[in-house]
Structure formats: structure tokens, C-alpha cells
Amino acid sequence: GESVGLHLPTLSVQEGDNSIINCAYSNSASDYFIWYKQESGKGPQFIIDIRSNMDKRQGQRVTVLLNKTVKHLSLQIAATQPGDSAVYFCAEKPPNRDDKIIFGKGTRLHILP
Amino acid sequence: DAGITQSPRHKVTETGTPVTLRCHQTENHRYMYWYRQDPGHGLRLIHYSYGVKDTDKGEVSDGYSVSRSKTEDFLLTLESATSSQTSVYFCAIRDYTDTQYFGPGTRLTVL
């Protein structure tokens, strides 16, 4: 089975409820942020992104909030479904760095029936 | 998987043998990356490429080499595999918005 994701914090959410996954980023100069979803045995999948000149961005059933004051990023998933079960991690990109995206360790989202 | 394929998808090899992993993209993007993913470490950059024949090291490059002779292909080579290189390897491409898109991964086991 998939070994990535062992020892990750887990968020358990009832199906149909909203999920909020949080991320603290490290570099106050980072200007671009991404949320990824990784299902077992698969590669990370892009969900939504936000630039540092924005506080909020909405996609289909997902919203990302950025609080630059406290270097905090959150991902909100509306009406959580069984297919949302995965590891979610944030990523930040410092400016002017071709090589550098800093990935968080991730949070496992577990959907309760 | 955003037009990215990786081969092989699974490989078991023995310590000391050379191993080459291939990443192929159909998107014609300039930037390509190789990461490894291990429990407790998240994604760590091995090497990246910013064009044909243009590559640079990432944070965990020791024991790995790369080559990019064509825009669409980025090869990762383990010259002499060690057990510490047992991992899941992901290739990624970067588009014009700076977003990185990942391939499906290669699970490598070094015995």
C-alpha cells in the first residue's frame, strides 16, 4: 500500500459537512501558494492556487484563504464527499526561485459515512 | 496527470545496480523536476531542468544524476543504487503560471 502519509495529522469529517485544512507556511516573501491533493498510490494533483496579492480564491467546492499576517493558508472543501478522502498539502513558492517550491508535510482527510 | 508519464511505474533492483527512471511530457514545458517522497519528509527536490541540457541540483542530489537531451524527456539515473534510495519518485513540470503538475510516480525498491 501507499507508505506516504504515515504519521500525518488526520482530520475526520462527516460526509456532507465542510472540511477546513490548515497550513502554516515558512517564508514571508513567498508570493504564490498551491494546494495539492494526493490519493493513495497517485501523484499530487493540483487543486487550487492563490497569489500573495489576494486573500481568498474560490474554485468548484473549494476555497483557499490566505492570511499573510500570520503566514497561514487554509483550504475549505464544501459538502465533503467520499472521493475527497486523500492527503492534502500546501506548497509555497518564494520569489525569483526556479528550483524552489516548499511543500508542507500534509494532512490526511478521512471521511466518515 | 497533465500530460506527464513516468516509466517504469514500479521497479525492484539490487544494491549497486544502475537504475534509470524516465519522465516524458507532452506539454512542451521548459521546466521539469524530479522529487522523491518519503514518510516524514514530504516531497524533496533531487534535480531540476530549465531547458535542454540545462540542469541543476536540488536539496537531495547526492547519488543521482539527470539528463535532458530533448524537451519532452527528463531522465533520472541512480548510478549505483543504495537501500536509502528506496522511495517513490515523482516527476513534475512547471507551466507559465509557476504551477507544478506531477506525474503518477515510480515506486523504487532497492534490496
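Attention here is on the structure that accompanies the text. If you're wondering where the values come from, they're calculated on a predicted model, not measured in any experiment.

Criteria and thresholds
All residue numbers refer to position in the chain's written sequence, counted from 1. Chains and ligands are labelled sequentially in the order written, the chains with letters from A and the ligands with numbers from 1. Owing to the predicted nature of the model, reporting of local features is limited to residues with pLDDT of at least 70; listing and counting of side-chain atom pairs is limited to 80 or more, with chain, interface and lining totals taken over all residues. Excluded from the side-chain calculations are hydrogens and water; all other atoms, namely the structure's heavy atoms, are used. Counting from the N terminus, the helices are DSSP H or I runs at least four residues long and the strands are E runs at least two residues long. Contacts are assigned to residue pairs with any non-hydrogen atoms lying within 4.5 Å of each other. Computed with the Shrake-Rupley method and a 1.4 Å probe, the accessible areas treat only the protein chains shown as cover for residues. The sign given to each residue is positive for Lys and Arg and negative for Asp and Glu; His and the chain ends receive no count. Here the site of a charge means NZ on Lys, CZ on Arg, CG on Asp, or CD on Glu. Only a pair of cysteine sulfur atoms within 2.5 Å qualifies as a disulfide here. A simple rule labels every residue: compare its accessible area, found with a 1.4 Å probe on the protein chains alone, to the largest value its type can have, and call it buried under 20%, exposed over 50%, or partly exposed in between. Take a side-chain nitrogen of Lys or Arg and a carboxyl oxygen of Asp or Glu: if they are within 4 Å of each other, that pair is a salt bridge. Between any two strands, pairing holds if DSSP finds at least two bridges. Note on method: axes are straight lines fitted to C-alpha atoms, helices fitted across the in-contact stretch only, with angles between N-to-C directions ranging 0 to 180 degrees. Accessible area, probed at 1.4 Å, shrinks when two parts are joined; the buried area is that loss added up over both. Throughout this description, a polar contact denotes any pair of N or O atoms lying within 3.5 Å of each other; where both atoms belong to protein, one of them has to be capable of donating a hydrogen while the other can accept it, and for residues adjacent in sequence the pair is counted only when both atoms sit in side chains. Note on residue classes: Ala, Val, Leu, Ile, Met, Phe, Trp, Tyr, Cys and Pro are nonpolar, Asp, Glu, Lys and Arg are charged, and everything else, Gly too, is polar.

**Examining the overall build of chain A**
Counting its regular elements, chain A contains zero helices and 10 strands. Counting helices and strands in the order they occur from the N terminus, chain A gives β-β-β-β-β-β-β-β-β-β. By its C-alpha atoms, chain A is 45 × 30 × 20 Å across when sized along the principal axes. Long-range contacts, defined here as pairs at least 24 residues apart, represent 55% of the contacts in chain A between residues at least 6 apart. Accessible area for chain A stands at about 5,800 Å²; split by element, carbon and sulfur atoms hold 47% of it. In chain A, which carries 13 positive and 11 negative side-chain charges, the distance between the mean positions of the two groups comes to 3 Å.

**As for the state of the cysteines**
In the structure shown here, the tally under the stated rule is two disulfides over all chains. Between the sulfur of Cys23 of chain A and that of Cys90 of chain A lies a disulfide, 1.6 Å long from S to S. Linking Cys23 of chain A in strand 2 (residues 19-24) with Cys90 of chain A in strand 8 (residues 86-93), this pair joins segments that are 67 residues apart in sequence. When sorted by exposure, Cys23 of chain A lands in the same class as Cys90 of chain A, which is buried. Note on cysteine connectivity: Cys23 of chain B is disulfide-linked to Cys91 of chain B, with sulfurs 1.9 Å apart. Between Cys23 of chain B and Cys91 of chain B, the S-S dihedral sits near -70 degrees, and the bridge is therefore left-handed. Of this pair, Cys23 of chain B sits in strand 3 (residues 19-25) while Cys91 of chain B sits in strand 9 (residues 87-94); the two residues are 68 residues apart in sequence, bridging distant segments of the chain. The same class applies to Cys23 of chain B as to Cys91 of chain B, namely buried.

**Quick look at the pattern of salt bridges**
As a working rule, side chains carrying opposite charge can pair if their charged atoms are close by. Under the counting rule described, the total for this entry stands at nine salt bridges over all chains. Among the salt bridges present, the one from Glu39 of chain A reaches Lys42 of chain A, with a minimum N-O distance of 3.9 Å. One network of salt bridges, with partners in common, ties together Arg22, Lys70 and Asp73 of chain B.

**Some points on the sheet that holds strand 7 (residues 64-70) of chain B**
Strand pairing within a sheet occurs via backbone hydrogen bonds; the two strands may be parallel or antiparallel. Residues and elements named next belong to chain B. Read from one edge of the open sheet, four strands run 1-3-8-7, paired in antiparallel fashion. Strands with a single pairing partner mark the edges of an open sheet, and in this sheet they are strand 1 (4-7) and strand 7. Looking at each pair of strands side by side, their axes are set apart by 20 degrees on average, direction ignored.

**What about the side chain of Thr106 of chain B?**
All names here are of chain B. With respect to the helices and strands, the residue Thr106 is situated in strand 11 (residues 106-110). On the accessibility criterion, Thr106 (0% relative accessible area) is buried. For Thr106, the contacting residues outside a window of four places in its chain are Gln6, Ser7, Pro8, Arg9, Leu21, Ser87, Val88 and Tyr89.

**Focus: unusual backbone geometry**
The peptide bond linking Ser7 of chain B to Pro8 of chain B adopts the cis configuration, its omega dihedral lying at -10 degrees. Unlike most non-glycine residues, Lys71 of chain A shows phi in positive territory, near 55 degrees. Of note, Lys71 of chain A is situated in the loop between strand 6 (62-67) and strand 7 (72-77). Residue Asn28 of chain B is not a glycine yet carries a positive backbone phi of 65 degrees.

**With respect to the interface of chain B and chain A**
With 23 residues of chain B in contact, the opposing surface of chain A contributes 22 residues. Roughly 1,900 Å² of surface becomes buried between chain B and chain A when both sides are summed, with 54% attributable to carbon and sulfur atoms. Applying the counting rule to chain B against chain A returns zero salt bridges. If you look at where chain B meets chain A, you find four residue pairs in polar contact (both at pLDDT 80 or more). Of all the secondary structure elements, the ones that give two or more residues to the side of chain B that touches chain A are strand 4 (31-38), strand 5 (42-51), strand 9 and strand 10 (100-102) of chain B. When its residues are assigned to classes, the side of chain B that touches chain A shows 11 nonpolar, eight polar and four charged.

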